[in-house]
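Examining the three-dimensional arrangement
Spelled out, the chains give:
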Amino acid sequence: MELLFSYGTLRSKQIQMQIFNKVLSGSPDQILGFKLKSLQIEEEFGMADYVVAVPSESLEDIIHGIAFEVSNAELLKVDQFESNSYKRVQVKLQSGRVAWVYTENK
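Residues numbered from 1 in each chain as written. Predicted model: local features only at pLDDT ≥ 70, side-chain atom pairs only at ≥ 80, totals over all residues. Heavy atoms only, no water.

By the naming in an unreviewed UniProt entry, the protein is Gamma-glutamylcyclotransferase, taken from Flavobacterium humidisoli.

Spelled out as structure tokens, the structure:
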């Protein structure tokens, strides 16, 4: 199993059911040295507002979220769900565990 850190849309049980056909189990955690940035993504009915994690110059910046346990196949489903505005990278969580997180795709 892999860990997927979510700070936004993927925390929604409705979105989890849409992507995985189940609700994920996870635990609260944080990533240090990142901050959230506003992001607009074009969708079927216009522009929608989201947030994206970006590296920060300060290790005191923290993003709170949930670390979910997922399989490799489930990670691939999330890759398809996320827009090209995001890329998946590995980070060390405050708990010391390593997780995948979606950050800004520059």
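From this point, things continue past the structure.
Brief notes about the packing of aromatic side chains
What describes a pair of aromatic rings is the distance from one ring centre to the other and the angle between the planes of the rings. For clarity, the threshold we go by: Stacked, tilted and edge-to-face pairs are distinguished by plane angle, under 30 degrees for stacked and over 60 for edge-to-face with tilted covering the rest, among Phe, Tyr and Trp rings (Trp via its six-membered ring) whose centres lie within 6.5 Å. Whether a charge lies above a ring is judged from NZ of Lys or CZ of Arg, which has to be within 6 Å of the ring centre and within 35 degrees of the ring normal.
For the structure on display, the rule yields zero aromatic pairs. Geometry around Trp100 places Arg88 over its ring, the cationic atom sitting 4.5 Å from the centre.

Examining helix α2 (residues 72-81)
What counts is decided by this rule: In this scheme, a residue with accessible area under 20% of its type's maximum is buried, one over 50% is exposed, and one in between is partly exposed, where area comes from a 1.4 Å probe on protein chains only. Each helix is a run of DSSP H or I of at least 4 residues and each strand a run of E of at least 2, with the numbering of both proceeding from the N terminus. When we speak of the arc, we mean the arc of directions from the helix axis to the C-beta atoms. Only heavy atoms matter for contacts: two residues are in contact if any of them lie within 4.5 Å across the pair.
Burial in α2 covers these residues: Glu74, Leu75 and Val78. Around the axis of α2, the buried residues are gathered within 105 degrees of arc, so they sit on the same side. Residues Asn72, Leu76 and Gln80 are exposed on α2 and point more than 90 degrees away from its buried face. On its buried face, α2 is in contact with β1 (2-6), α1 (13-20), β5 (62-70), β6 (86-92) and β7 (98-104).

Section: unusual backbone geometry
Residues other than glycine predominantly adopt negative phi, and peptide bonds predominantly adopt the trans conformation. Phi at Asn21 takes a positive value of approximately 65 degrees, unusual for a residue other than glycine. Following the sequence through the fold, Asn21 ends up in the loop between α1 and β2 (26-32).

With respect to the environment of Ser12
Along the chain, Ser12 turns up in the loop between β1 and α1. Accessibility expressed as a relative area gives 28% for Ser12, which makes it partly exposed. Expressed as a C-alpha distance, the spacing of Ser12 and Val23, which sit eleven residues apart in the sequence, is 8.9 Å.

A word on the environment of Met1
Mapped onto the elements of the fold, Met1 is located in the segment before β1. What makes Met1 exposed here is its relative accessible area of 70%. With 72 residues separating them in the primary sequence, Met1 and Ala73 have C-alpha atoms 10.0 Å apart. Every residue in contact with Met1, bar those within four places of it in the chain, is listed here: Glu69, Val70 and Ser71.

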